[in-house]
Amino acid sequence: MLKRTVEYREIIKRLNQTYNIKCKAKESGEFIKLFAESPEDVRKLTSYLDEQQKEYFVISDKAEKPVKIVIKGLPINTDPEEIKNELNEKGFRVDKVNQLKKFKTREPLPIFQVHLFKTSNIQEIYKLETLFYIMIRVEKYIIKQNHQCYNCQLWNHGSKGCRLNPKCVICAGTHPTKECPSKGKENAEIKCANCGGPHTANYRGCPRYPKTQQFRTTQTGKSFAEAVKEKNNPPASNGNAVRTGETEIKEVTVNPPLPPKQREGRDDKQAQPRGMPTPQRGELQDVLELATELRKIFSAINDVSGTLKAMKSKENVWEKLMILAEALRSPSIND
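These remarks concern the structure in this document. Just so we're clear, the structure is a prediction, and the values are computed from it rather than from any experiment.

Parameters at a glance
Residues numbered from 1 in each chain as written. Predicted model: local features only at pLDDT ≥ 70, side-chain atom pairs only at ≥ 80, totals over all residues. Heavy atoms only, no water. Helix = DSSP H or I, 4+ residues; strand = E, 2+ residues; numbered from the N terminus. Buried < 20%, exposed > 50% of the residue type's maximum accessible area, 1.4 Å probe, protein only. Areas by Shrake-Rupley, 256 points an atom, 1.4 Å probe, with all protein chains shown as cover. Core = buried A, V, L, I, M, F, W, Y, C linked by side-chain atoms within 4.5 Å. Contact = heavy atoms within 4.5 Å. Disulfide = S-S within 2.5 Å.

This next bit is on the overall build of the chain. Looking only at helices and strands, the chain features nine helices and eleven strands. Considering the chain as a whole, with its 335 residues, one finds that 25% of them fall into the buried category. When the accessible area of the chain is evaluated, it comes to approximately 25,100 Å², of which 51% is carbon and sulfur surface.

Turning our eyes to something else, we now look at the nonpolar core. Formed by 18 residues in total, the largest nonpolar core has its most connected members in I71, L87 and L116. Counting only elements with at least two residues in this core, the list comes to β4 (67-72), α3 (80-89), β5 (94-101) and β6 (108-116). The contacts of L116, once residues within four sequence positions are left out, are P66, V67, I69, F92, R93, V94, I122 and I125. In terms of nonpolar packing, the next biggest core, distinct from the first, is built from 13 residues, I11, I32, L45 and L49 among them.

What follows deals with the state of the cysteines. Scanning the model with the defined rule gives zero disulfides in all. No disulfide involves C168; its sulfur sits 3.6 Å from the nearest other cysteine sulfur, which is in C180. The class of C168 is buried, set by a relative accessible area of 0%. C192 carries a free sulfur, and the closest cysteine sulfur to it, the one in C195, is 3.8 Å from it. C192 gets classed as buried once you look at its relative accessible area, which sits at 2%.

Written out as structure tokens, the structure reads:
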């Protein structure tokens, strides 16, 4: 990813024609994505950019990235170096082992992250049931937050291949964070390197912090086209939850209000909300008769507001009915 400059098109032309580095470009905001055809071209490209002192960062190819797993079940005081040696003896190629910590308190957790180089037996790691004769569980490491570069404070790339100018996570200065003069000071001025706000650059509430993409659970037994069709054309429902495959979906039909001109020309059948059963003529007559009887009952209550207030103060249905019965017998609920 090359930082955009005025002469970036000339740079791409020079790379292909003068230095014979086969690469293509694609615009991406304030950066230009460069795609090299071979690993040799990648090495030549990064060497050229370093010589020209251009700002860029490298996104590692998936084939080069290590496989990350977590081991659960080991004692919290287990030495990560011992885990690395034990896994190497079992035939796995381990890059490094880290012990995970709580985000806020930084207290260590009994969970160890392992970086593995890709080998032919890499999938066997998930079948591992014991380590040091202790029962363990091996799981795929799932990133729950966006990865931020410690050098430039941007996201979704690491500091190892970053050649952008450094920015401080504390004060947004053009120096590495470890060299910040405000580091450790109580009343130090804090400024975000991404939005300029009064917070550190790794603050999750920053308006420039990437939004985590939410993925739906896979629906078994359905093709992608069927899932999209169902999403775009949901069936009418009365709000009940239905389970399809492994995904639980709650369907609620809400009809937006229509403009007055459209609403006047609709008959009763068209105005009926979708998903609600149309009442039959006999049922409608019963409802009207019930309303008439209830009106007769409530007309006998002298203090309607006092009765309503007393009923609202009770949660039990029978207590509400007792208050209503007492109001029908008494001239006033407050007497």
